[in-house]
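The residues making up each chain are set out below.
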Amino acid sequence: MSFARQLDAVDKLREYRKQFYFPKVEGKQVIYFTGNSLGLQPRRTQQFVDEIMKDWRELAVEGHFYADKPWWDYHERLAEPLAKVVGAKPREISVMNTLTVNLHLLMVSFYRPDKKRYKILCEEKAFPSDQYMLQSQLKFHGIDPDEALVEVKKRDGEHYWRTEDIIAKIEELGDSLALVLIGGVNYYNGQVFEMEAITAAGKKAGAFVGWDLAHAVGNVELQLHDWGVDFASWCSYKYMNSGPGNASGVFIREQYLNRKDIPRFEGWWGTRKESRFLMKPTFEPMATADAWQLSNAPILSLAPYLASLEMFEEVGMKAIIEKRNKIVAYLEFILHEIDKQVESRFEIITPKERGCQLSVFLHGEGRPLFDYLMKAGVIVDWREPNVIRLAPAPLYCSYEDMYQFGQILKAGIERDT
Ligand SMILES: Cc1ncc(COP(=O)(O)O)c(C=O)c1O
């Protein structure tokens, strides 16, 4: 315990922990491991939301132009800080809609199958919404998903994907491959895919390459522009701490902006803002990824996202990643120590290419242990057959949390022996 406290005392991000609200179980602040599902609420968020409520109350429609942060181009404020988080140019970023909706919209631009090139490559057991999205897109184009959706499998007995297997599959599909779309960090095993190498291989084969970055944004280093990624999208409610179901970000590579041969679905918020209210019959696209915007932006959703981005701007991804590496290594150490002391066996199925999630197979344990942890104030998540996912978000988790978790886990396993 004293070691954990020492680590906390020298943690450069320790002040940020105080800037979040933690739920309580029986009056005690929880240990929160589910930032990979829903990030905690930053204290400053309320003020950003209140500001909108006040402007709406006091200015009503005039808020579009005369609010402190006018609403007509409010979304543009998010592009610059978000570009830093994902390694992009601000003009390659837009915030709009929600993740699955955006993936569908991006498919309009980047999945244009023809007789020869129509296959889509993704990872085996991709997040279900991505599977449904891809299957329904294929069906929309009159293509049989069983034939055209190619999943890269893990090898027998292994819990992770090998980059060489993904690249080999891309090369095998060659000029039948239209699109590679993979989750940058896998939601189940926490694996970080080698996005740069996979992007290069997909593009070499002549396909478009896109990434679902739901579990990657705010968690791992991203250099979308330099890696040559064509497009990407992510949600903001996990490591970005912007609130349940909140708005999604998109990245569209600079070379596709302003291109007449790239189709997209359009709406009035994608038109040049200078002439947007002239209500012209023809679409004049913004020169940025905002050309993909459809509706007037949901300001009450963007406000928490902006609050969170302010925090990311202050801290920077470098410091987040530095702490992430240390805290996850400490959690791993604790799991190994407890493993030696109890009869059950833990198998960490997350490979060394990881962000802040460790997925742990609990051999010899079942759902009752999960229930025990939840009752004891450890918020984790359970996936069939018996995997718990532990994701200590560096902005608000402490080393002492890791230590306490170890003690609770051990007590939970020993409870009926
Ligand atoms: C990897 C991944 N993709 C897609 C989604 C779906 O996101 P949304 O419900 O915001 O469309 C999620 C949600 O958790 C996810 O984790």
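See the structure printed just above.
Residues numbered from 1 in each chain as written. Predicted model: local features only at pLDDT ≥ 70, side-chain atom pairs only at ≥ 80, totals over all residues. Heavy atoms only, no water.

A. Looking closely at unusual backbone geometry. The peptide bond linking Glu 384 to Pro 385 adopts the cis configuration, its omega dihedral lying at 0°. Structurally, the position occupied by Pro 385 is in the loop between β16 (381-383) and β17 (387-390). Residue Asn 241 is not a glycine yet carries a positive backbone phi of 55°. Note that Asn 241 resides in the loop between β11 (231-234) and β12 (248-252). Of note in this structure, Met 279 is not a glycine but carries a positive phi near 55°. (Helix = DSSP H or I, 4+ residues; strand = E, 2+ residues; numbered from the N terminus.)

B. The pattern of salt bridges, seen in detail. Under the definition given, this model contains 33 salt bridges. The salt bridge involving Glu 76 is made with Lys 273; its shortest N-O contact spans 3.0 Å. Pair noted here: Glu 76 is in helix α5 (residues 76-86) and Lys 273 is in the loop between β12 and α11 (299-315), with a separation of 197 residues, a long-range link. For Glu 76, a relative accessible area of 27% corresponds to the partly exposed category. Lys 273 sits in the buried class, given a relative accessible area of 17%. Residue Arg 162 is joined to Glu 164 by a salt bridge in which the shortest nitrogen-to-oxygen separation is 3.5 Å. The structure contains a network of salt bridges with shared partners spanning Arg 155, Glu 158, Arg 162, Glu 164 and Asp 165. (Salt bridge = Lys/Arg side-chain N within 4 Å of Asp/Glu carboxyl O. Buried < 20%, exposed > 50% of the residue type's maximum accessible area, 1.4 Å probe, protein only.)

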